[in-house]
Structure formats: structure tokens, C-alpha cells
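# Structure assessment
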Amino acid sequence: MNTYLCIVCGFVYDESAGRPEDGIPAGTLWSAVAEDWACPECGVAKADFEMVLV
Amino acid sequence: MGAPLVIVGTGLAGWTLAREFRKLDPNTPIILVSRDEGAFYSKPMLSNALAGGRSPASLVTTPAEAAAQAIQATVLAQREAVRIDTVARTVELDDRVVSYRALVLAVGADPIRLPLQGDASAGVFSVNDLVDYGRFHAALTTGAHVTLLGAGLIGCEFANDLAVAGYRVDVVDLAPLPLGRLVPERAGRAMQVALSAAGVGFHLGASVRAIHRDGARLVVELVQVGSAEARRLSTDIVLSAVGLRPRTALALAAGLTVDRGIVVDSALRTNAPDVYALGDCAQVGGQVLPYVLPLMTCARALAKTLTGTPTDVVYPVMPVAVKTPAFPLSVVPAPQGIEGEWSFLESDGGLEGHFKDHEGRLQGFVLGGAATSRRAALVRAMGQTV
């Protein structure tokens, strides 16, 4: 399980924790997160390159 | 090739607009003018970087050249925009004159400096960009005592970050509680409790009168509201985080309408043709919103407008995040001019507050601690009421 950092605002997506409040169950790989999902902090789209492996 | 899109400023606003514009228009040249190196970095991380042991250099996400190359843009770094001629449609830099097809002012804001007395008042730090952060970082010595001026969003974030990184921290603010302008009292009090538990000292209802040198250290003179007597606080470094003032001088000199910020309409147009403003310098629909989400929303709308689809900015529900690990907060402040009441739920390690108007509609909320996980649910709940 990896964590990904939004380089715009510092929000961290942790695959092991998922994002249950956005309907993303714990354990969801970053690659499986929907392409239209946006960073909950700053609204940056997943399709942009702004997430990097921590 | 026609005249370029010229963007003055390479903060989050300038770079985001440039990228969004390039997605829609592969050909028009883009020139970004920067006062510094022009690197792309995350400004919100400046107040969260110490605890993670991040050096200033490591905060650069993409160096200017690489960021420019990725979107076929040109960065004119280390240059000041000194004059705009809205008739000739040119921007005068310190070393050249650039013509524009459209001009976007994304010049940001200056930290407000409190008028302070004392022989060390000029040495007060503020951190508003990566260069400032580098200076502050270099001046911090191991185990130093830091006095923070201002208990707002940035003040609280720095206080938490410094405390976790092993520095001793005291925060001074005239307001009776932290985050006074952003959250209801109850949430401000919870923040104070959490930061106090993390080792942060608070001097609320107090103002700083003077800062003096005292050998290798500094002495801060504090005056409590309603008292004439000054208290003395011994410290090593003073960091000011009392707010931002939009940079408007360039716009004002060019005859653009300026109020608190550069005044723009809902499509981010100033009163001069093909001149726009966005980000911390802009006053959009009467509001200056120096936060990430409004800025990203504006950049996307403006990219469409600049590529032939006039687009008004429509803000979604935009919670402001206060990134204090001791007590993270997410807040949509109660809107001005709407009457209503706050009500609160408290659970294990969390605080949830709802602001409802007299018709019972949810108009704002605050989530603290573990309750921040309810953010998306409350954004949805608000979306249904507007």
C-alpha cells in the first residue's frame, strides 16, 4: 500500500485508508481511484499529474 | 505567431492558469513573469514543512524551466513588472517591454506588517513564499523559541508545525481566541486546547508593542487589552502571520479599479480590455478569498474565457482546511449578511458544528479533529440547500 501526496495542497491519499467519505473503500489502489475524483482539499483533478508517490 | 498570453506571477494562481490554458490552446505563446526563480511549489505546505524535516529546496515540486517546458511556456524570472500600458497593450519589465494578447495579474498579496517599536522590530520574519521560507528556515536554530504574531489560519498552522518540529512556541493575538475570523468560538477554543496540549503557549487579548534586542536573544513587549502594563517575553525569533494585503500598486498605477483587491467581474475581467486578475490579488464579486479552492476554480474558468468561451466563476461549496495535525479543521464560514445559529455535536476527538439560517438551511459548517472525515457528506448536504 502506498500514499500519494497532492503537490498543490499537501493532501495525502493513503491507499490502506482509502477515502470512505468519498465512497472509496480502504485498500483502494491509487490506480483504481476514479479518474474524475478530485483532491478533496484543493479540487485538483486526478487526471492532472499533481499526485506523486510519497 | 500572435502576441502572447502574459501572466504576471508564478504562484499557484499563475502556474495553474498557464497549465489550464495550455490544455485548451496548444498554440498561443505563454509568458510568465516572476519576481523570483519561478519554480512551482505548494504554498500551503510552507506552514507544514518543518515537522516533516523538509528543506526549502525540497519543497520545489518542479523547477521553473521544467514547468515551463511541460507546457511550452516561457518564464521570465527575477524580473519585476513595473508598468502596464492598457492602450498599447504592453507590460514594461525592468529589462524589456512585452506586448500581450491578454494580460493576467496573478501577483499575490503582501504580508501585513504591524507597526512595532524597538530596535529588533525590522527583523520580524514573515513567510509568504518559498524565498521567505528559506530565510526563516536558515534563521531557526535547534531548540529555538519562536514567537508567532497572529493566531489565524497560518499562525495556527505554523505554531503546530514548529511545536512538532521541536521548537518552543508562543502565539500572540489581539483576539480572545484563535481563528477568530474563520470559525465560531467553540471551534476556536477547541483549537486553543489542542495546540496548548501540543506545547504551544497562548497570549490572547494581547498586542505586541515593541521588540528589543537582548544580547543574542530578543525581548517581546506584550500589552494585555485594557492594561497599560507591558509584560516581557524572551524569545529567539519572531514570525508574523497577521494576514495578507492584495498587491494592487501595479494595477492602480495602470488605471485599473482597485478596492481591497484588484476589482474584477464574475469572469475575472478588470475594467481594462483583455486584462484579468486572479488569486490572492483579486477581488471577485466583492470578495478576496486567498485560499486554494477559489483560486483553482477561478483559474479553470479563466482558461475557458481566454480560449473563446466566456465563463463566469461559479464557486462550489469550498471548505477551508486548517492543517493543524493536533486538531485539523475544515470550515465553511457562516456567510456574511445571513442570520442564523450555530449548533454543535461533540464526539470522541471530534467537533461538528452546523450553521443554519432561520429557514433551517445549512449555510456553513465546521469540522474538527476526527469529524473532518464528514467533510464530503456536509459539502453534499450544503449543495442540496443552495
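Counting restarts for each chain, with residues numbered from 1 along the sequence as it is written. Here the convention is simple: chains get letters from A, ligands get numbers from 1, in the order in which they are written. For this predicted model, a pLDDT threshold of at least 70 governs which residues receive local features, and a threshold of 80 or more governs which side-chain atom pairs are given and counted, while totals over whole chains, interfaces and linings are taken from all residues. Working from all heavy atoms in the structure, the side-chain values ignore hydrogens and water.

## Considering the confidence of the model for chain B
Let me state the cut-off plainly: pLDDT expresses how confident the predictor is about each individual residue, on a scale running from 0 to 100.
On average, residues of chain B score 95 in pLDDT, and 99% of them are at 70 or above. Two summary scores accompany this predicted model of the complex, namely pTM at 0.92 and ipTM at 0.73.

## Description of the packing of helix α1 (residues 12-24) of chain B against helix α7 (residues 292-306) of chain B
All names here are of chain B. Threshold: Between N-to-C directions, angles span 0 to 180 degrees; the directions come from axes that are lines fitted to C-alpha atoms, helices contributing only their stretch in contact. By definition, any uninterrupted DSSP run of H or I lasting at least four residues is a helix, any uninterrupted run of E lasting at least two residues is a strand, and each is numbered from the N terminus. Left-handed is the label given to a crossing in which the near helix is rotated counterclockwise from the far helix by less than a right angle, and right-handed is the label when the rotation is clockwise. Whether two residues are in contact is decided by their heavy atoms: any pair within 4.5 Å suffices. Side-chain classes are defined by residue name, with Ala, Val, Leu, Ile, Met, Phe, Trp, Tyr, Cys and Pro counting as nonpolar, Asp, Glu, Lys and Arg as charged, and the others, Gly among them, as polar.
For the pair α1 and α7, interaxial distance at closest approach is 8 Å and the crossing angle is 35°. Seen from above, α1 lies across α7 with right-handed handedness. In contact with Leu12, Ala13, Thr16, Leu17, Glu20, Phe21 and Leu24 of α1, α7 contributes Val292, Leu295, Met296, Ala299, Arg300, Leu302, Ala303, Lys304 and Leu306. Partitioned by chemical class, the residues of the contact of α1 with α7 number 12 nonpolar, 1 polar and 3 charged.

## Observations concerning the nonpolar core
Residue and element names in this part refer to chain B. Cut-off, in case you're wondering: To form a nonpolar core, buried Ala, Val, Leu, Ile, Met, Phe, Trp, Tyr and Cys residues must be joined to one another through side-chain atoms within 4.5 Å. Burial classification: accessible surface area is computed with a 1.4 Å probe over protein chains only, and a residue below 20% of its type maximum counts as buried, one above 50% as exposed, and the rest as partly exposed.
Among the nonpolar cores identified, the biggest contains 71 residues, and Leu105 and Leu278 are the most heavily contacted of them. Of all the elements, α7 adds the most residues to this core, at 9 residues. If you look at the next biggest cluster of nonpolar residues, it comprises 44 residues, including Ala49, Leu130, Leu182 and Ala187.

## Quick word on the side chain of His354 of chain B
Residues and elements named next belong to chain B. Put simply, the rule is: Polar contacts, as used here, are pairs of N or O atoms within 3.5 Å; protein pairs need one atom able to donate a hydrogen and one able to accept it. Residues neighboring in sequence count only if both atoms are side-chain atoms.
Topologically, His354 is positioned in strand β25 (residues 350-357). Side-chain polar atoms of His354 contact the side chain of Glu352, separated by 2.7 Å. Apart from residues no more than four positions distant in its own chain, His354 is found in contact with Glu341, Trp342, Ser343, Leu362, Gly364 and Leu378.

## What to know about the pattern of salt bridges
How we decide: Basic side-chain nitrogens of Lys or Arg form a salt bridge, by our definition, when they fall within 4 Å of a carboxyl oxygen of Asp or Glu.
If you walk through the whole model with that rule in mind, you get 19 salt bridges over all chains. Glu21 of chain A is the partner of Arg19 of chain A in a salt bridge, and the nearest nitrogen-oxygen pair spans 3.3 Å. For Arg19 of chain A, a relative accessible area of 10% corresponds to the buried category. A salt bridge links Arg79 of chain B to Asp95 of chain B; the nearest nitrogen and oxygen atoms lie 2.8 Å apart. Within this pair, whereas Arg79 of chain B is found in the loop between β5 (73-76) and β6 (81-85), its partner Asp95 of chain B is found in the loop between β7 (90-93) and β8 (97-99), the two being separated by 16 residues in sequence. Residue classification places Asp95 of chain B among the partly exposed residues on the basis of a relative accessible area of 43%. A network of salt bridges, in which partner residues are shared, links Arg19, Glu21 and Asp22 of chain A.

## A few points about the layout of surface pockets
The line we're drawing: A pocket here means an open set of points on a 1 Å grid, computed over the protein atoms alone, that has protein on both sides within 12 Å along at least five of seven lines. A cavity is instead a set of points where a 1.4 Å probe fits but cannot get out; residues with an atom within 4 Å of a point line either one. Grid points are joined across faces, edges and corners, and a volume is the space filled by probe spheres set on the points.
The calculated volume of the second largest pocket comes to roughly 740 Å³. Forming the walls of the second largest pocket are 33 residues, and the residues nearest its centre are Gly10, Phe11, Val12 and Glu41 of chain A together with Lys323 of chain B. Counting residues per element, the ones that place at least two in the lining of the second largest pocket are α4 (153-164), β22 (320-322) and β23 (329-332) of chain B. At 4 residues, the largest contribution of residues to the lining of the second largest pocket is made by α4 of chain B. Residue composition of the lining of the second largest pocket, by class: 15 nonpolar, 10 polar and 8 charged.

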